[in-house]
Amino acid sequence: MAAGGSPYAQFSSATPTNFGFIYPPFAALLARPLALLTDKQALSMWLVVSLLTTCVAAYLVARTALPATWPRLELALLGALAFGPAAYNYWHGQINGLIFLLLAVAYWAYVDGRQTTTGVVLGLAAGIKVAPIVLIVLLVRRRWWRGSAAMFATVAATVLVGVLVLGAGPTHTFISTVLPALSRTTGWLYNQSIAGVIARLADHSVLVVQATPLWLTALCWIAGALILGMVVWVTRPGERPTAERGAEFGLGIVAMLLAGSVAWYAHFTALIIPLAAAAGLVASRGRRAERALLTGTALAVVVFALVSPFGIGELAMPSLISVSRTPLWWPLLQLASLPGLAALWLAVRLRASLAVDSSSET
């Protein structure tokens, strides 16, 4: 793009893990200033940006979700530096730190009742990485019409800026080629969306790309819709305690991660938001009342922060290929779904906790 070409010049849909540039054109514009630097300078600057955005986002989430008597700064730094998906980003170099910061600002605005700010920030996040667009269900379900309009207007503005600056070609390529490739069901081990979990159950498109049968596509879409349905079910308009409102948004984040076709391990940096929101809800209601939610939260922390990094460190393609020829392959393959299943259980527990409050008030 810096040389006047399309950001998708090197895009390929041949494999599930090596796509090339996969973001909307607006994201390419944000990264454009890095081309003014040398490769080493650009890498160093990107690492600094990723680290700062993640730390600031984690602190904002901790300040919003956790009681003032807790060591919020220390917990935020622990999450930003030691939580598996966040730390993975510093090595892998994805844009998740910036997305996490935008989601953290939206989380604060949502809890604080600032619907226009929430809509604008979520729209900006969706203009950079499409997945946050599903969080519109929170605004609509809460009847935040001004916030919903602000979100749609912001997304439209990012598309317009991309077209005006880069021309219509890159936007057309993104819509016609990139999005369909990203929507393909893949069971590759790092994909922790519900579609990835289902694909691994069918041993589909794990080590090689395979055409997705219609029944598998339908099953993945139904599962994703059911997860989004949990958010719709427990989100409601009107006044609600701060901790419960934060849990609504946290459940929306988990649904955002699980409901799409692809959610790589590094994307779960945003899981810090529902983990903190769940901790805040437990603190407000008491551990005895929210024992199941506390257990689900602890399970997600253990799986993502301890088990998954160990598993990733042990992965090697030659060993995977050799195991794939043995009867142990399918049971071992299901172990790769532990992060996605832990996130799903956290979503179920958040939904149950919020549903109890809704039913008690009606």
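Only a predicted model underlies this, so the values are computations on that prediction, with no experimental measurement involved. (Residues numbered from 1 in each chain as written. Predicted model: local features only at pLDDT ≥ 70, side-chain atom pairs only at ≥ 80, totals over all residues. Heavy atoms only, no water.)

Draft legend 1. Representation of the overall build of the chain in the model. On a plain count of helices and strands, the chain comes out with 17 helices and zero strands. Its C-alpha radius of gyration of 20 Å places the chain within 12% of the 21 Å reference for a compact globule of 362 residues. Seen along its three principal axes, the alpha-carbon backbone of the chain occupies a region of about 55 × 55 × 40 Å. In the chain, which comprises 362 residues, the share counted as buried stands at 48%. For the chain, contacts bridging at least 24 residues in sequence account for 73% of all contacts bridging at least 6. (Helix = DSSP H or I, 4+ residues; strand = E, 2+ residues; numbered from the N terminus. Rg over C-alpha atoms; globule rule 2.2 N^0.38 Å. Buried < 20%, exposed > 50% of the residue type's maximum accessible area, 1.4 Å probe, protein only. Contact = heavy atoms within 4.5 Å.)

Draft legend 2. Structural detail: the nonpolar core. Judged by nonpolar contacts, the single largest core of 85 residues is most densely connected at Leu103, Phe249, Ile253, Leu271 and Leu346. In this structure, Trp188, Trp264, Leu320 and Ala336 belong to the second largest nonpolar core, which totals eight residues. (Core = buried A, V, L, I, M, F, W, Y, C linked by side-chain atoms within 4.5 Å.)

Draft legend 3. Layout of the packing of aromatic side chains. Evaluated as defined, the whole model comprises 13 aromatic pairs. Put simply, the rings of Phe83, Tyr88, Trp91, Trp188, Tyr190, Tyr265, Phe268 and Phe304 touch in pairs and so form one group of aromatic residues. A cation sits over an aromatic face here: Arg142 above Tyr110, 4.9 Å from the ring centre. (Phe/Tyr/Trp six-rings, centres within 6.5 Å; stacked < 30°, edge-to-face > 60°. Lys NZ or Arg CZ within 6 Å of the ring centre and 35° of its normal.)

Draft legend 4. Structural view of a nonpolar patch on the surface. Together, Val302, Leu306, Val307, Leu328, Leu332, Leu335 and Leu338 line one region of the surface with nonpolar side chains, adding up to about 620 Å² of accessible area. When contributions to the nonpolar patch are tallied by element, the ones reaching two or more residues are α14 (291-314) and α16 (329-335). Among the elements that make up the nonpolar patch, the one with the highest residue count is α14 (three residues). Its location among the elements puts Val302 in helix α14. Relative accessible area serves as the criterion here: at 39%, Val302 is assigned to the partly exposed category. (Patch = residues over 30% accessible without salt bridge, like charges linked within 9 Å, V, L, I, M, F, W, Y side chains within 5 Å. Areas by Shrake-Rupley, 256 points an atom, 1.4 Å probe, with all protein chains shown as cover. Salt bridge = Lys/Arg side-chain N within 4 Å of Asp/Glu carboxyl O.)

Draft legend 5. The packing of helix α6 (residues 115-128) against helix α8 (residues 145-166), seen in detail. Across the interface, α6 lies against α8 with an axial gap of 7 Å and an inter-helix angle of 30°. Relative to α8, the element α6 is oriented roughly parallel. For the pair α6 and α8, the sense of crossing is right-handed. Residues Gln115, Thr116, Gly119, Val120, Leu122, Gly123, Leu124, Ala126 and Gly127 of α6 lie in contact with α8, whose contacting residues are Trp145, Arg146, Gly147, Ala150, Met151, Thr154, Val155 and Thr158. Looking at side-chain class alone, the contact of α6 with α8 contains eight nonpolar, eight polar and one charged residues. (Axes fitted to C-alpha atoms, helices over the stretch in contact; angles between N-to-C directions. Parallel < 35°, antiparallel > 145°, perpendicular 65-115°, else oblique. Left-handed = near helix turned anticlockwise from the far one by under 90°. Nonpolar A, V, L, I, M, F, W, Y, C, P; charged D, E, K, R; others polar.)

Draft legend 6. Looking closely at helix α9 (residues 168-182). Here α9 is 15 residues long and its end C-alpha atoms lie 20 Å apart, about the 21 Å a rise of 1.5 Å per residue gives. Within α9, the axis deviates most sharply at Phe174, by approximately 35°. Every buried residue belonging to α9 is among Pro170, Thr171, Phe174, Val178 and Ala181, and all of these are buried. Those residues of α9 that are buried lie in contact with α1 (25-31) and α8. (Expected span 1.5 Å × (residues − 1). Bend = angle between axes of the 7 residues up to and from the residue.)

Draft legend 7. Quick peek at the environment of Phe304. On the secondary structure map, Phe304 appears in helix α14. Accessibility expressed as a relative area gives 0% for Phe304, which makes it buried. With 36 residues separating them in the primary sequence, Phe304 and Phe268 have C-alpha atoms 8.5 Å apart. Not counting residues within four places of it along the chain, the set of residues in contact with Phe304 comprises Phe83, Gly84, Pro85, Tyr265, Phe268, Leu271, Pro309, Pro339, Ala342 and Ala343.

Draft legend 8. Spotlight on the confidence of the model for the chain. Averaged over the chain, the pLDDT score is 92; the fraction of residues at 70 or greater is 96%. Across residues 358-362, where pLDDT falls below 50, the model places four contacts with residues more than four positions away in sequence or in other chains. (pLDDT = per-residue confidence, 0-100.)

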